[in-house]
Amino acid sequence: MEKTRTDLANIIRERRSVKNGYTEQEVPASLVKELLEDARFAPTHGMREPWRFIFISKERKNDFIDEFVKHFPKDTQETKRAAFNQPAAYLFAVMNEDPRQKQWEENFAAISCLIQNFQLLAWERDLGVVWKTPPQITDPKVRDMLGVQPGEKIVGFINLGFFDQKPKDKTRKPVDDIFSVY
């Protein structure tokens, strides 16, 4: 008897980053919190849970964008404004930095796992997500704007929005190309 793939395996295979094509539908903070409630069960070394999140709702998005685009060259601000206006909401992932290299890497791995959990849970609810890492995540003015403290790192901007059409599948390398036996 052949085993069939589980719902989770299907979600892992089907999930795609949704970069555009968002609808105007609001992403409620309650939904984001619900997804984070489950996503936070990601592996975390020493139960450090080195993360926090900043949510920007559709209601506050224009205020955020007005302030944010000021950190781009003047000739690109309107293009950036249009691009940043596409998602219905934003979630900023912030991690605690540790001066010890091993712990820093463990913290980054932990929040990355949490973000992946979040993406899978969002996909299951037809909420589109893409994890972005623009250069502005290290800009001191953007950090101040978001209330990011010394000893914290913005890991990424997570664009959120419901979508009409699923992104196209992309080909992945076959497992045989990436697997070896010692």
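The residue count restarts for each chain, going from 1 along the sequence in the order it is written. The predicted nature of this model means local features are confined to residues of pLDDT at least 70 and side-chain atom pairs, given and counted, to a pLDDT of 80 or more, with totals for whole chains, interfaces and linings taken over all residues. Excluding hydrogens and water, the side-chain values take into account all heavy atoms of the structure.

Draft legend 1. Local environment of the packing of aromatic side chains. Side-chain rings of Phe, Tyr and Trp, where Trp is taken by its six-membered ring, are said to pair if the distance between their centres is within 6.5 Å; with planes under 30 degrees apart they count as stacked, over 60 as edge-to-face, and otherwise as tilted. Under the criterion given, the structure shown has twelve aromatic pairs. Aromatic pair Phe-68 and Phe-72: ring centres 5.3 Å apart, planes at 80 degrees, arrangement edge-to-face. Summary of the burial criterion: residues with accessible area below 20% of their type's maximum are buried, those above 50% are exposed, and those between are partly exposed, where the area comes from a 1.4 Å probe applied to protein chains only. Under the relative-accessibility criterion, Phe-72 is labelled buried at 11%. Aromatic ring contacts, followed pair by pair, group Phe-64, Phe-68, Phe-72, Phe-84, Tyr-90, Phe-92 and Phe-157 into a single cluster.

Draft legend 2. Structural context of the packing of helix H2 (residues 29-39) against helix H5 (residues 101-124). Here an axis means a line fitted to C-alpha atoms, over the contact stretch when the element is a helix, while the angle between two N-to-C directions is reported on a 0 to 180 degree scale. Helix numbering and strand numbering both begin at the N terminus, where a helix is a DSSP run of H or I of at least 4 residues and a strand a DSSP run of E of at least 2. Contact geometry for H2 and H5: axes closest at 9 Å, N-to-C directions at 125 degrees. With respect to their mutual orientation, H2 and H5 come out oblique. Read as a crossing pair, H2 and H5 show a hand that is right-handed. Of the residues in H5, those in contact with Val-32, Leu-35, Leu-36, Asp-38 and Ala-39 of H2 are Leu-114, Asn-117, Phe-118, Leu-121 and Ala-122. A per-class count over the contact of H2 with H5 returns eight nonpolar, one polar and one charged. An angle counts as roughly parallel when it lies under 35 degrees, as roughly antiparallel when it exceeds 145, as roughly perpendicular when it falls between 65 and 115, and as oblique in every other case. Here is the rule for handedness: rotate from the far helix to the near one, and if that takes an anticlockwise turn smaller than a right angle the crossing is left-handed, while a clockwise turn gives right-handed. In this description, contact between two residues means that some pair of their heavy atoms is separated by no more than 4.5 Å. Amino acids outside the nonpolar list (Ala, Val, Leu, Ile, Met, Phe, Trp, Tyr, Cys, Pro) and the charged list (Asp, Glu, Lys, Arg) are all regarded as polar, and Gly is one of them.

Draft legend 3. View of a nonpolar patch on the surface. Each patch groups residues whose relative accessible area exceeds 30% and which form no salt bridge, using 9 Å between like charges and 5 Å between nonpolar side chains of Val, Leu, Ile, Met, Phe, Trp and Tyr. In short, Shrake-Rupley with a 1.4 Å probe defines the accessible areas, and a residue's cover is counted only from the protein chains shown. Take a side-chain nitrogen of Lys or Arg and a carboxyl oxygen of Asp or Glu: if they are within 4 Å of each other, that pair is a salt bridge. A contiguous nonpolar patch, built from Val-175, Ile-178, Phe-179 and Val-181 and spanning about 470 Å² of accessible area, is present on the exposed surface. On the basis of relative accessible area, Val-181 is assigned to the exposed category, the value being 70%.

Draft legend 4. Spatial organisation of the sheet that holds strand S2 (residues 89-96). For two strands to count as paired, DSSP must find a minimum of two bridges between them. The antiparallel open sheet is built from four strands, whose spatial order is S1-S2-S4-S3. Only two strands of the sheet have a single neighbouring strand rather than two, namely strand S1 (51-56) and strand S3 (127-132). Neighbour-to-neighbour, the strand axes of this sheet turn through a mean angle of 25 degrees, independent of strand direction. In terms of strand pairing, S2 meets strand S4 (residues 152-162) through eight bridges, oriented antiparallel.

Draft legend 5. Fine view of the pairing of S4. For S4, the buried fraction is high: eleven of the eleven residues fall into the buried class. Across six bridges, the pairing between S3 and S4 is antiparallel. Within S4, the position partnered with Val-130 by the bridge is Asn-159.

Draft legend 6. Examining the side chain of Arg-15 more closely. On the secondary structure map, Arg-15 appears in the loop between helix H1 (7-14) and H2. The side chain of Arg-15 sits in the buried core without any salt bridge; Glu-14 is the nearest counter-charge, 10 Å away. A positive count includes Lys and Arg, and a negative count includes Asp and Glu. His and the chain ends are not counted in either.

Draft legend 7. Quick look at H2. Turning to H2, its buried residues number three or more, namely Leu-31, Val-32, Leu-35, Leu-36 and Ala-39. Each buried residue of H2 lies within a common arc of 135 degrees when the element is viewed along its axis, so the set occupies one face. Seen from the buried face of H2, the exposed residues on the opposite side, beyond 90 degrees, are Ser-30 and Lys-33. In this description, the arc belongs to the directions extending from the helix axis to the C-beta atoms.

Draft legend 8. Highlighting the pattern of salt bridges. Scanning all chains against the criterion turns up twelve salt bridges. Glu-106 is the partner of Arg-48 in a salt bridge, and the nearest nitrogen-oxygen pair spans 2.7 Å. Of the two residues, Arg-48 is situated in the loop between H2 and S1 and Glu-106 in helix H5; the sequence distance between them amounts to 58 residues. Look at Glu-106 and you get buried, because its relative accessible area is 13%. Here the salt bridges share partners, and the residues they tie into one network are Arg-48, Lys-102 and Glu-106.

Shape is all these values report; function is a separate question.
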